[in-house]
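# Structural description and commentary
So you can see what is in the structure, the chains are spelled out below.
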Amino acid sequence: MAETEGSHIRLDKWLWAARFFKTRSLAAAAITGGKVKANGERVKAARAVRLDDELSIHVGPYEYVVRVRGLSGRRGPAPEAALLYAESAQSKAAREALAARLSAERIYVSHEKGRPTKRARRQIIRFKKARVE
């Protein structure tokens, strides 16, 4: 981990090393799509990330607001990657609240797709006959 004050690394490479995205190309696509902001500004993939930069990262429905604590161009294990940034308390609380809300909503969503099963077909026929009579 390079942690000297004058050092820097490309934003897409840092996001990949910090394990926010699985590949550098996915990280670059997210940056291009405006899903990553550095210090409140839209940036390009080649922007230099420095220590104490504040990044806002949207991954799916979740938003991470992190401060850069370390620089690394190598994608290591997850515990090592977690040392590269510090997430704000508000960001963590908002993500956990959103995760709880999404899991609660999942209970009420029907995931039936395709043709009905034999049992479901019989229930539909019984229901339709009961409405006619």
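Residues numbered from 1 in each chain as written. Predicted model: local features only at pLDDT ≥ 70, side-chain atom pairs only at ≥ 80, totals over all residues. Heavy atoms only, no water.

Helix and strand content of the protein chain: five helices and seven strands. When the helices and strands of the protein chain are read in sequence order from the N terminus, they spell out β-α-α-β-β-β-β-β-α-β-α-α. Relative to its length of 133 residues, the protein chain is extended, with a C-alpha radius of gyration of 23 Å against a globular reference of 14 Å. With respect to the three principal axes, the spread of C-alpha positions in the protein chain is 80 × 30 × 30 Å. Counting over 133 residues, the protein chain shows a buried share of 28%. (Helix = DSSP H or I, 4+ residues; strand = E, 2+ residues; numbered from the N terminus. Rg over C-alpha atoms; globule rule 2.2 N^0.38 Å. Buried < 20%, exposed > 50% of the residue type's maximum accessible area, 1.4 Å probe, protein only.)

Core analysis: the biggest nonpolar cluster contains 24 residues, and Trp14, Leu15, Phe20 and Ile57 have the highest contact counts within it. Looking at this core, the elements with two or more residues in it are α1 (11–17), α2 (24–32), β2 (36–38), β5 (54–59) and β6 (62–68). Of all the elements, α1 adds the most residues to this core, at four residues. When residues no more than four places from it in sequence are discounted, the contact partners of Leu15 are Phe20, Phe21, Ala27, Ile31, Val36 and Ile57. (Core = buried A, V, L, I, M, F, W, Y, C linked by side-chain atoms within 4.5 Å. Contact = heavy atoms within 4.5 Å.)

Take the pairing of β5 next. In terms of strand pairing, β2 meets β5 through three bridges, oriented antiparallel. Bridge pairing links Val36 to Ile57 in β5. The pairing of β5 with β6 spans six bridges and is classified as antiparallel. By the bridge assignment for β6, Glu54 is matched with Arg67. In this structure, the hairpin formed by β5 and β6 is closed by a connection of two residues, where Gly60 is found at a positive phi of approximately 65°. (Pairing = 2+ DSSP bridges.)

Right, let's talk about the packing of aromatic side chains for a bit. The tally for this structure, following the rule as stated, stands at four aromatic pairs. Seen from their ring centres, Phe20 and Tyr64 are 5.3 Å apart, and the 70° between their planes marks the pair as edge-to-face. Pair noted here: Phe20 is in the loop between α1 and α2 and Tyr64 is in strand β6, with a separation of 44 residues, a long-range link. Joined through ring pairs, the aromatic side chains of Trp14, Phe20, Tyr64 and Tyr85 make up one cluster. (Phe/Tyr/Trp six-rings, centres within 6.5 Å; stacked < 30°, edge-to-face > 60°.)

What follows concerns unusual backbone geometry. Of note in the backbone geometry, Arg19 takes a positive phi value of approximately 70° without being a glycine. With respect to the helices and strands, the residue Arg19 is situated in the loop between α1 and α2. Residue Arg19 is classed as partly exposed on the basis of its relative accessible area, which comes to 39%.

Summary statistics for the protein chain give a mean pLDDT of 89 and a share of 92% for residues scoring 70 or more. At the low end of the mean pLDDT range in the protein chain sits helix α5 (residues 118–132), at 88; at the high end sits strand β7 (residues 85–87), at 96. (pLDDT = per-residue confidence, 0-100.)

What follows covers a positive patch on the surface. Side chains of Arg115, Lys118, Arg119, Arg121, Arg122 and Arg126 sit close together on the surface and give a patch of like positive charge. Relative to the elements of secondary structure, Arg126 occurs in helix α5. For Arg126, a relative accessible area of 55% puts it in the exposed group. (Patch = residues over 30% accessible without salt bridge, like charges linked within 9 Å, V, L, I, M, F, W, Y side chains within 5 Å. Areas by Shrake-Rupley, 256 points an atom, 1.4 Å probe, with all protein chains shown as cover. Salt bridge = Lys/Arg side-chain N within 4 Å of Asp/Glu carboxyl O. Lys, Arg positive; Asp, Glu negative; His and termini not counted. Charge placed at Lys NZ, Arg CZ, Asp CG, Glu CD.)

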